[in-house]
Amino acid sequence: MRPTSSISVLNQEVTCYNLSPQTSEEHYNGLTDDNIDYIMEKYFAPCLLLYVIAGCFADDLTYLNGFYSKTPQRLSKYSWFGNVRLHHFRVPEDAVLLRWLLTVSRGSGLNCENQNITVHFRAGAPPVINPIETAFPNSTSVSLAHNLTLTIPSGHSSNVTLFNVTHPKPGDWFLAAHLPKDEGKIEQQGLPSCSYLFQAQMFLRRAADLPILQHNIPLYQTLTTTPALFKVFVPEFTSRLDVFILNCSGKLGNDCGLLITVGSSTLRQGSEVKQNCSGLESCSTSVLIPPWNSWLLVTVETSQPNTTIPFSISANVTVGCKPLSVSSDFNTSAFIRTIIAPQSNSSGGLSNTSVSTRDQPGVRANSSEPVCMRSPSVLRDEQDVLSLRFIISSSNLTVTSDLPTVLTLEHSPGDSGGTFIVQLHLNTSSLVGGFARVKACLTPSAPVLHVNLSQTCATGLMQGYSLSVSSNESQALLRIPFPDAAVWYLSLQTVCNDSVDCRNASAKVSASVSVSACIDDCGPYGECRLLRTHSYFYGACVCKAGWQGWGCTDGATAQSYSRQMAAALLLTLSNFFFIPPIVVALYRGYHVEAAIYFFTMFFSTFYHACDQPGVTVMCIMDYDTLQFCDFLGSVVSVWVTIVCMARLQDPVKYLLFMAGTLVISMAMQLDRRGLWNLLGPVLLALVIMVTSWIYRGVKRHQCYPPLWRRWVLFLLPGIISALIGVCVYVFAQTDSNYYYTHSIWHVMVATSVVFLLPPREKHIPPWGWTNKICSYRRCKNEKVELYTVT
C-alpha cells in the first residue's frame, strides 16, 4: 500500500492511502477530547478531497463520496452480548472504498491505566463474538468475526483509528465495540470511574458509472496504475460465471502481469476469487455457483509500474439448472390443502384441488428439458419480531440420489438478528435402494446442486453448512446465530453405498426451519433479551447462576444448587436482623419508625428471594414492584432514623418523614441505583440532626447529648456499624461475593439502627402507650404532649 499524500495535524503525521485490496489501520493516540472535532475538520476533509482528486485523474469513472456518523455510546465491560455497542451501517452498490473513523475517548477518571477496546466487523449480519472464550451450544455453527484492538495508553484521553476496506461488499455492515471481560466488580453509580465513549463514522467512496460486462460481448479497456473496475450481473439459476481477458499487450510483450479479482471484500476468507495472469496473453477465471440475483465486482490490476496496458474483457454466464415451472393459474384450494390446512390440523373437504406441475417429477411445464432439481413450495410465516417459521408444502420430502431437493428460504434484513434453526428427521421406514444417508447443504445466495459430490457445502463465494441423517442417526440439528441477510437454500440429496447401484435410492425426510431470537430461549439458566440499535432488533441471552455462553449452556463456572440455596438463605434471612430494631423502636414509642423498618424487612426479604440468579427463586409479586419497595424502604429507613435522632417536635418530625418519603420515591422512580439517592437524604438528614444538636447545646450551655455513656455505648458503635456497612456496600461487592457482602450490609445497617435510635421520652411508658382505654373514649394529656421534646 503506497501513500499518496500526507498532512501534519497536531504534530502528528496523518497519511492518506490509495485503494488497495487489503485493509489498513492508522492509529492516532494522545488526542484530547477537544481535539477530536478539530481533527475531523482539519485532516479528514483534506483526505476526502485527495481521494476525489486522485480518482478524477486516474480514470474516467465518476466517484461520489458519502459520510455517515453514529452517536457516541458509552462502552461497557463484556459479560454477555448485551454489553456491546452495536453500530449498523448500509453500504450501497458500487462502493470501492470504505473507511471507518473509530474514535474512543476517555472520561474524567482517577488513575486510569492502559485500556484496550475491541471492535468487531462483519458484513451481512451482527458479528458473532466470543471474547471470554465460552463454549457454544451443541449443534451450533459459528464463524467468529474479524476484530481490531484499540488501545488508550495511560495519560492519554483518546484514540483515533482509521480502518480501510477496499471493494467492500454492498449491504449491511455491523460494528460491535466493548471493553475487556467484566471481572464482576459492582460499581456504584455516581462514584468517579474510568469511562469510555466509542463513536464510529464511515466515509464511503463509490463509482457512479461502473462499466457493465455484457454476456459474451467484449469490452475494450486501457489499464494504468489504477485498477480497472467492472460489474457483472448474475441472474438466478446461474451455475457458472467466467471472466475472460483477451488481446493483452504490455512492455514485456504478451506478459501483462494482470490480476483478476471477482467478488467483494467481507473480511472473510473465500469472498473473492483471484486469478494471476502473469505470462499469459489471454486468461480467464471462473466462479462456480456464484451468488444469484446480484451484481459482482470485477477488478483488473497490473503488477507492472508506470505502464499502459490495452486489453479486452468479457463475461459469460451459464444457466445450467432450473426447477419445474409452476402452473399459470394459481390454485388457492390446493394451496390451502397442501400447506395451510396441515399446519392448523384442520380437516374438511376441499374440492377442485390439483397439484402444480412444480411438484410433478420428470416433465417441465411447457418444455421438453429434463428435470434437474425438485423445489417444493415454501411458505414464510412471520409470527413476531425475530420469530419466523418456514412451512414446507410437503410434510415428508422425498429425497432421491439422482436429483437434489432444494428449499428456498427467504430471509429479510431484519431476520439476521436472530438464530437460524434447521432440523431434519429421517423416516427410517421409507428407505429404498442402496441408501447410506441423506446429506443436506445450507448455503446463502445460491444452492449446492450436487450435494452428494460436495465435500464442504461451499458455493463460489460463500461457505455453507452441512447436515446429514442416516438409519443410525435419524435426526440432525443445525443452529446458526446471526445468519447473513440473504436468500438461503437447503439442498438435500441421498448418498448411496459404494457397492450398490444408486439410481433408485430414496428416503423421506421431514424438515423444520425457523428463526428465533435466542437458542432454545436461553434454557433454564438464562433469559432471552430483545435488544435494539436504532430500528434494528437482535436477540441475546443474559445468563445467571454462573452459567455462560451464547445459549447459557457453558457450566464451567456454574453455581451448584447448594451454593444457590446458601445465597438465597443468606440474603433473605439476614433481613431478620431488622427484628431487633423493630422491637426497640416499639419499646421506645417510635411506632412510625417501627412500621418503616418492618416495611423494609418484608420487601427486602422477598425482593432477594425473587432476585436469585438460579432455580431457588420465589416471587410473591412483580419483580419491579419488589425492587422499588426494597430500594425505597432502605433509604427511607436511614432517613427517618437520622431525623428521629434530631429529637424534633412531633409535627415537624412527621412533616419531614412524609416530605422525605415523597421526594425519595420520586428519585427512586428516576434512577434506583444512583449514588445520590442514598447520599442526598443522608447528608440532608445529618445537617438537620447536627443543626438541632448545636441549637440544644448552645441553649443548654453543654454538649448534646450530654451523657458520655450515650456517646461511648450507643452513638460510636452505631456510627462504626453504619460505616462498615457502607464501605462493604460501596467498595467490596462483586458478583461472586454478593450474597455474603450484601448480607453483611443488611446486618450492619440493622445493628446501627439499634444503637442510634434515641432513648425513650421520660413521660412515655414502655411500648409507647401514654394512656389507658377508658370505655369508648381514649384519654390524652394534651399538656404533657406539648413538652415532650427535651
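The structure displayed is predicted, hence computed values, not measured ones. Going along each chain's sequence as written, the residues are numbered from 1 onward. For a predicted model such as this one, the threshold for reporting local features is a pLDDT of at least 70, and the threshold for listing and counting side-chain atom pairs is 80 or more; totals across whole chains, interfaces and linings nevertheless cover every residue. The side-chain figures draw on all heavy atoms in the structure; neither hydrogens nor water molecules are used.

**Thoughts on the confidence of the model for the protein**
So, step 1. Per-residue confidence from the predictor is given as pLDDT, running between 0 and 100. Of the residues in the protein, 81% reach a pLDDT of 70 or more, and the chain-wide mean stands at 82.
So, step 2. The least confident element of the protein, judged by mean pLDDT, is strand β1 (residues 3-9) at 33; the most confident is strand β29 (residues 475-481) at 95.
So, step 3. Note on contacts: a residue pair is in contact if any heavy atoms of the two residues lie within 4.5 Å. Throughout residues 1-58 the model reports pLDDT below 50, and contacts reaching past four residues in sequence, or to other chains, amount to 128 contacts.
So, step 4. Throughout residues 772-790 the model reports pLDDT below 50, and contacts reaching past four residues in sequence, or to other chains, amount to 19 contacts. Strands are runs of DSSP state E lasting at least 2 residues, helices are runs of H or I lasting at least 4, and numbering of each runs from the N terminus.

**Some words on the UniProt feature "transmembrane region" (unreviewed entry) in the protein**
So, step 1. UniProt positions are given in the numbering used here, feature names are shortened, and annotations may be inferred rather than shown by experiment. Residues annotated in UniProt with the feature "transmembrane region" (unreviewed entry) correspond here to residues 565-587, 594-610, 625-645, 676-695 and 707-732.
So, step 2. Taken end to end, residues 565-587 is 78% helix and 0% strand, and its two terminal C-alpha atoms sit 35 Å from one another.
So, step 3. Structurally, residues 594-610 is divided into 100% helix and 0% strand, and its ends, taken at the C-alpha atoms, are 24 Å apart.

**Section: the environment of Phe233**
So, step 1. Relative to the helices and strands, Phe233 is located in strand β15 (residues 228-234).
So, step 2. Note: C-alpha distance between Phe233 and Val317 (84 residues apart in sequence) is 8.9 Å.
So, step 3. When residues no more than four places from it in sequence are discounted, the contact partners of Phe233 are His215, Asn293, Ser294, Trp295 and Val317.

**Side note on the sheet that holds strand β28 (residues 465-470)**
So, step 1. The strand order β25-β30-β27-β28 describes an open sheet built from 4 strands, whose pairing is antiparallel. Strand pairing shows two members of the sheet lacking a second neighbour, β25 (405-410) and β28, which therefore form its edges. Here the strands of the sheet are splayed against their neighbours by 20° on average, with no regard to which way each runs.
So, step 2. Whether two strands pair comes down to DSSP finding at least two bridges between them. As paired strands, strand β27 (residues 435-444) and strand β30 (residues 487-496) are joined by 9 bridges and run antiparallel to one another. From the neighbouring strand, Cys441 faces β30, where its bridge partner is Ser491. A fitted line through C-alpha atoms represents every axis, and for helices the fit uses only the stretch in contact; the resulting angles, taken between N-to-C directions, go from 0 to 180 degrees.

**A short note on the sheet that holds strand β17 (residues 258-263)**
Backbone-to-backbone hydrogen bonds join strands into a sheet, with any given pair of strands oriented parallel or antiparallel.
So, step 1. Spatial ordering of the open sheet is given by β15-β20-β17-β18, a layout of 4 strands whose pairing is antiparallel. Unpaired on one side and paired on the other, β15 and β18 (272-276) mark the two borders of the sheet. Pairs of neighbouring strands in the sheet enclose a mean axial angle of 20°, with direction left out of account.
So, step 2. Bridge count for β17 against β18 is 5 bridges, and the pairing is antiparallel. What sits directly across from Val262, in β18, is Val273.

**Some words on the state of the cysteines**
So, step 1. The definition used for a disulfide is geometric: two cysteine sulfur atoms within 2.5 Å. The final tally for this structure, using the stated rule, is 8 disulfides.
So, step 2. Note on cysteine connectivity: Cys522 is disulfide-linked to Cys541, with sulfurs 1.9 Å apart. For the disulfide bridge between Cys522 and Cys541, the dihedral angle about the S-S bond is near -90°, and by the sign convention the bridge is left-handed. Taken together, the residues Cys522 in the loop between β31 (506-516) and β32 (526-533) and Cys541 in strand β33 (residues 536-543) connect sequence positions 19 residues apart.
So, step 3. For every residue, the accessible area (1.4 Å probe, protein chains only) is compared with the maximum for its type, and the residue is labelled buried under 20%, exposed over 50%, or partly exposed between those bounds. The class of Cys541 is buried, set by a relative accessible area of 6%.

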